[in-house]
Amino acid sequence: GQAWRVGVRPRQPTLWPLDLRSFHWLTPPPGAFDADPFLAHDNGKTWLFFERWTPARSLGEIWCAPLRGDGRAGPAQLALRLPHHLAFPQVLRVAGQWWMVPDGGGETGVQVLRAREFPLSWQLAEVWLPGQKWVDPVVHFDGQLWWLLVTPQYGDQPSHDELHAFWSEQWGGPWQPHAANPVVSDVRCARNAGRLQLRDGVWWRPAQDCGDD
(Lines give C-alpha, C1' and ligand atoms only; values in the text may rest on other atoms or scores of the structure.)
Protein backbone atom coordinates (compact mmCIF):
# COMPACT_ATOMS: atom_id res chain seq x y z
CA GLY A 1 0.00 0.00 0.00
CA GLN A 2 0.89 3.66 -0.19
CA ALA A 3 3.05 5.08 2.58
CA TRP A 4 1.04 8.32 2.74
CA ARG A 5 -2.10 9.78 1.18
CA VAL A 6 -3.49 13.30 0.99
CA GLY A 7 -7.23 13.78 1.45
CA VAL A 8 -9.33 16.94 1.27
CA ARG A 9 -12.87 17.67 2.39
CA PRO A 10 -15.01 20.85 2.63
CA ARG A 11 -14.77 22.71 5.93
CA GLN A 12 -16.88 21.14 8.68
CA PRO A 13 -18.36 22.84 11.80
CA THR A 14 -16.35 20.48 13.99
CA LEU A 15 -13.26 18.35 13.43
CA TRP A 16 -14.53 15.30 15.30
CA PRO A 17 -15.84 12.72 14.75
CA LEU A 18 -13.57 12.20 11.76
CA ASP A 19 -15.31 10.39 8.91
CA LEU A 20 -12.74 9.30 6.31
CA ARG A 21 -15.57 8.72 3.81
CA SER A 22 -16.04 12.51 3.61
CA PHE A 23 -12.57 13.02 2.11
CA HIS A 24 -11.60 13.27 -1.55
CA TRP A 25 -8.23 11.58 -2.01
CA LEU A 26 -5.47 12.63 -4.38
CA THR A 27 -4.26 9.92 -6.74
CA PRO A 28 -0.47 10.03 -7.29
CA PRO A 29 1.26 8.25 -10.18
CA PRO A 30 2.01 4.52 -9.76
CA GLY A 31 4.72 3.95 -7.17
CA ALA A 32 4.57 7.55 -5.92
CA PHE A 33 3.00 8.96 -2.77
CA ASP A 34 1.74 12.34 -1.55
CA ALA A 35 2.21 13.83 1.94
CA ASP A 36 2.48 17.02 4.03
CA PRO A 37 -0.50 19.08 2.76
CA PHE A 38 -0.74 22.86 3.27
CA LEU A 39 -3.43 25.24 2.00
CA ALA A 40 -2.97 28.74 0.58
CA HIS A 41 -5.75 31.22 -0.27
CA ASP A 42 -5.03 33.75 -3.03
CA ASN A 43 -7.41 36.03 -4.95
CA GLY A 44 -10.45 33.95 -4.19
CA LYS A 45 -8.76 30.64 -5.03
CA THR A 46 -7.52 27.92 -2.71
CA TRP A 47 -4.36 26.00 -3.54
CA LEU A 48 -3.22 22.73 -2.03
CA PHE A 49 0.56 22.41 -1.69
CA PHE A 50 2.04 19.01 -0.86
CA GLU A 51 5.06 16.77 -1.14
CA ARG A 52 5.05 14.25 -3.98
CA TRP A 53 7.68 11.51 -3.80
CA THR A 54 8.36 9.63 -7.02
CA PRO A 55 10.40 6.44 -7.48
CA ALA A 56 12.06 7.91 -10.57
CA ARG A 57 13.98 10.41 -8.42
CA SER A 58 13.62 8.89 -4.93
CA LEU A 59 13.24 12.48 -3.76
CA GLY A 60 10.32 14.61 -2.69
CA GLU A 61 9.14 17.51 -4.83
CA ILE A 62 6.60 20.24 -4.09
CA TRP A 63 3.40 20.08 -6.12
CA CYS A 64 0.23 22.13 -5.95
CA ALA A 65 -3.35 21.76 -7.12
CA PRO A 66 -6.35 24.11 -7.15
CA LEU A 67 -9.30 23.16 -4.94
CA ARG A 68 -12.87 23.40 -6.12
CA GLY A 69 -15.79 24.35 -3.92
CA ASP A 70 -16.74 20.71 -3.32
CA GLY A 71 -13.30 20.02 -1.88
CA ARG A 72 -12.00 18.11 -4.87
CA ALA A 73 -8.56 18.93 -6.22
CA GLY A 74 -7.97 19.95 -9.82
CA PRO A 75 -4.95 18.86 -11.86
CA ALA A 76 -1.72 18.88 -9.83
CA GLN A 77 1.31 20.78 -11.15
CA LEU A 78 4.97 20.81 -10.19
CA ALA A 79 5.73 23.91 -8.08
CA LEU A 80 9.31 23.31 -6.93
CA ARG A 81 12.03 20.79 -7.77
CA LEU A 82 15.57 21.05 -6.39
CA PRO A 83 18.57 18.67 -6.48
CA HIS A 84 17.75 17.56 -2.92
CA HIS A 85 14.66 16.21 -1.16
CA LEU A 86 11.82 18.62 -0.39
CA ALA A 87 8.79 18.19 1.86
CA PHE A 88 6.47 19.98 4.31
CA PRO A 89 5.76 23.06 2.11
CA GLN A 90 4.33 25.64 4.48
CA VAL A 91 3.29 28.68 2.44
CA LEU A 92 2.64 32.10 3.97
CA ARG A 93 1.64 35.51 2.69
CA VAL A 94 3.54 38.28 4.47
CA ALA A 95 3.19 41.96 3.53
CA GLY A 96 1.71 41.08 0.16
CA GLN A 97 4.44 38.57 -0.73
CA TRP A 98 4.19 34.78 -0.86
CA TRP A 99 6.85 32.72 0.91
CA MET A 100 7.51 29.00 1.24
CA VAL A 101 9.40 27.48 4.19
CA PRO A 102 9.79 23.77 3.36
CA ASP A 103 11.70 20.89 4.86
CA GLY A 104 14.97 20.94 2.94
CA GLY A 105 15.72 17.25 3.20
CA GLY A 106 18.86 17.45 5.31
CA GLU A 107 20.27 20.65 3.82
CA THR A 108 21.92 22.96 6.35
CA GLY A 109 19.73 25.77 7.66
CA VAL A 110 16.06 26.53 7.05
CA GLN A 111 15.59 27.37 3.39
CA VAL A 112 13.15 30.21 2.68
CA LEU A 113 11.83 30.76 -0.84
CA ARG A 114 10.03 33.77 -2.32
CA ALA A 115 7.43 33.43 -5.06
CA ARG A 116 8.48 34.91 -8.36
CA GLU A 117 5.05 34.06 -9.72
CA PHE A 118 2.60 32.37 -7.37
CA PRO A 119 2.00 29.43 -7.20
CA LEU A 120 4.43 27.75 -9.63
CA SER A 121 7.65 29.80 -9.62
CA TRP A 122 9.90 30.12 -6.54
CA GLN A 123 13.44 31.25 -5.81
CA LEU A 124 15.68 30.85 -2.76
CA ALA A 125 15.67 34.11 -0.81
CA GLU A 126 17.11 33.42 2.65
CA VAL A 127 18.59 30.72 4.85
CA TRP A 128 17.64 30.87 8.52
CA LEU A 129 19.56 29.26 11.39
CA PRO A 130 22.59 28.21 9.29
CA GLY A 131 25.08 25.66 10.55
CA GLN A 132 22.49 23.10 11.65
CA LYS A 133 20.15 20.71 9.87
CA TRP A 134 16.45 21.18 10.66
CA VAL A 135 13.29 19.16 10.03
CA ASP A 136 9.67 20.24 9.34
CA PRO A 137 9.83 23.96 10.19
CA VAL A 138 6.65 25.81 11.15
CA VAL A 139 6.46 29.61 11.14
CA HIS A 140 3.74 31.29 13.19
CA PHE A 141 2.77 34.90 14.00
CA ASP A 142 0.91 35.26 17.31
CA GLY A 143 -0.06 38.90 16.79
CA GLN A 144 3.09 40.27 18.41
CA LEU A 145 6.00 37.94 17.71
CA TRP A 146 7.06 35.59 14.94
CA TRP A 147 7.83 32.04 16.06
CA LEU A 148 9.90 29.40 14.31
CA LEU A 149 9.29 25.86 15.59
CA VAL A 150 11.63 23.21 14.25
CA THR A 151 13.24 19.86 15.01
CA PRO A 152 17.05 19.58 14.81
CA GLN A 153 18.57 16.79 12.75
CA TYR A 154 21.74 15.18 14.07
CA GLY A 155 23.68 13.12 11.55
CA ASP A 156 22.17 11.83 8.32
CA GLN A 157 18.79 10.61 9.58
CA PRO A 158 15.74 12.78 10.33
CA SER A 159 15.18 13.45 14.01
CA HIS A 160 11.92 13.02 15.91
CA ASP A 161 12.41 13.62 19.61
CA GLU A 162 13.17 17.35 20.08
CA LEU A 163 11.35 20.58 19.28
CA HIS A 164 13.20 23.90 19.41
CA ALA A 165 11.51 27.31 19.40
CA PHE A 166 12.93 30.60 18.15
CA TRP A 167 11.29 34.03 18.18
CA SER A 168 11.70 37.33 16.36
CA GLU A 169 10.03 40.72 16.44
CA GLN A 170 9.94 40.77 12.63
CA TRP A 171 9.56 38.40 9.72
CA GLY A 172 12.84 36.71 8.85
CA GLY A 173 14.66 37.26 12.12
CA PRO A 174 17.10 37.69 13.67
CA TRP A 175 15.87 34.57 15.45
CA GLN A 176 16.39 34.31 19.20
CA PRO A 177 16.37 30.85 20.85
CA HIS A 178 13.77 30.16 23.48
CA ALA A 179 15.39 29.95 26.92
CA ALA A 180 13.82 26.52 27.55
CA ASN A 181 15.03 24.81 24.35
CA PRO A 182 14.31 22.07 23.63
CA VAL A 183 10.74 23.03 24.49
CA VAL A 184 9.61 19.43 23.82
CA SER A 185 11.65 16.26 24.36
CA ASP A 186 9.24 13.47 23.47
CA VAL A 187 9.35 11.28 20.36
CA ARG A 188 5.54 11.01 20.51
CA CYS A 189 4.86 14.72 19.93
CA ALA A 190 8.02 16.73 19.21
CA ARG A 191 7.97 16.78 15.41
CA ASN A 192 5.57 19.19 13.71
CA ALA A 193 2.62 17.96 11.65
CA GLY A 194 1.30 21.24 10.24
CA ARG A 195 0.67 24.89 11.01
CA LEU A 196 -0.81 25.94 14.34
CA GLN A 197 -4.61 25.94 14.66
CA LEU A 198 -6.70 28.37 16.72
CA ARG A 199 -9.58 26.68 18.55
CA ASP A 200 -11.67 28.33 21.26
CA GLY A 201 -9.05 31.02 21.77
CA VAL A 202 -6.18 28.56 22.22
CA TRP A 203 -3.39 27.80 19.73
CA TRP A 204 -2.86 24.08 19.11
CA ARG A 205 0.21 22.59 17.44
CA PRO A 206 -0.39 19.42 15.37
CA ALA A 207 2.36 16.88 16.02
CA GLN A 208 3.55 13.58 14.61
CA ASP A 209 3.66 10.52 16.83
CA CYS A 210 6.99 8.96 15.80
CA GLY A 211 7.12 6.52 18.69
CA ASP A 212 6.90 3.45 16.46
CA ASP A 213 9.67 4.52 14.03
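For the structure itself, look to the data block above.
Notes on the structure in this doc start here.

Criteria and thresholds
Residues numbered from 1 in each chain as written. Predicted model: local features only at pLDDT ≥ 70, side-chain atom pairs only at ≥ 80, totals over all residues. Heavy atoms only, no water. 1 Å grid on protein atoms, 1.4 Å probe; cavity = no way out; pocket = protein on both sides within 12 Å on 5 of 7 lines; lining within 4 Å. Points joined across faces, edges and corners; volume = space filled by probe spheres on them. Nonpolar A, V, L, I, M, F, W, Y, C, P; charged D, E, K, R; others polar. Phe/Tyr/Trp six-rings, centres within 6.5 Å; stacked < 30°, edge-to-face > 60°. Pairing = 2+ DSSP bridges. Helix = DSSP H or I, 4+ residues; strand = E, 2+ residues; numbered from the N terminus. Polar contact = N/O pair within 3.5 Å; in protein donor to acceptor, adjacent residues only side chain to side chain. Contact = heavy atoms within 4.5 Å. Patch = residues over 30% accessible without salt bridge, like charges linked within 9 Å, V, L, I, M, F, W, Y side chains within 5 Å. Areas by Shrake-Rupley, 256 points an atom, 1.4 Å probe, with all protein chains shown as cover. Salt bridge = Lys/Arg side-chain N within 4 Å of Asp/Glu carboxyl O. Disulfide = S-S within 2.5 Å. Buried < 20%, exposed > 50% of the residue type's maximum accessible area, 1.4 Å probe, protein only. Core = buried A, V, L, I, M, F, W, Y, C linked by side-chain atoms within 4.5 Å.

1. Things to note about the layout of surface pockets
In this model, the second largest pocket occupies a volume close to 150 Å³. Every residue along the wall of the second largest pocket is listed here: His24, Trp25, Leu26, Thr27, Arg52, Ala65, Arg72, Ala73, Gly74, Pro75 and Ala76. Split by residue class, the lining of the second largest pocket holds six nonpolar, three polar and two charged.

2. Examining empty space enclosed by the protein
All chains considered together, the criterion is met by one cavity of 30 Å³ or more. Here the largest cavity is characterised by a volume of approximately 40 Å³. When the residues that make up the lining of the largest cavity are grouped by side-chain class, the tally is four nonpolar, three polar and two charged.

3. Quick word on the packing of aromatic side chains
All told, the structure shown has 13 aromatic pairs when counted by the stated rule. Joined through ring pairs, the aromatic side chains of Trp99, Trp128, Phe141, Trp146, Trp171 and Trp175 make up one cluster.

4. Points about the pairing of strand β3 (residues 33-42)
Of the pairings in the sheet, the one linking β3 to strand β4 (residues 45-54) comprises eight bridges and is antiparallel in character. Bridge pairing links Phe33 to Trp53 in β4.

5. Some remarks on the side chain of His84
Secondary-structure assignment places His84 in the loop between β6 (77-80) and β7 (87-94). A polar side-chain atom of His84 sits 3.0 Å from the main-chain carbonyl oxygen of Gly104. Once you skip the residues sitting within four places of it in the chain, His84 turns out to touch Leu59, Gly60, Gly104, Glu107 and Gln111.

6. Side note on a nonpolar patch on the surface
On the surface, Trp16, Leu18, Leu20 and Trp25 cluster together to form a nonpolar patch covering roughly 440 Å² of accessible area. Considering the arrangement of structural elements, one finds Leu20 in the loop between β1 (7-8) and β2 (24-25).

7. Things to note about the state of the cysteines
Tallying each qualifying case throughout the model produces zero disulfides. The thiol of Cys210 is not disulfide-bonded; the next cysteine sulfur, from Cys189, is found 9.9 Å away. Classification of Cys210 as buried rests on a relative accessible area of 4%.

8. Focus on the nonpolar core
Counting 16 residues, the largest nonpolar core has Val101, Trp128, Leu129, Val139 and Trp171 as the members making the most contacts within it. Elements that contribute at least two residues to this core include exactly β7, β8 (97-103), β9 (108-117), β10 (121-141) and β11 (146-153). By residue number, the principal contributor to this core is β10, which donates four residues. With near-sequence residues (within four places) excluded, Trp171 lies in contact with Leu92, Val94, Trp99, Val101, Val112, Trp128, Val139 and Trp146. With 15 residues, the next largest nonpolar core counts Ala40, Trp47, Trp98 and Met100 among its residues.

On their own, these measurements won't tell you what the molecule is for.
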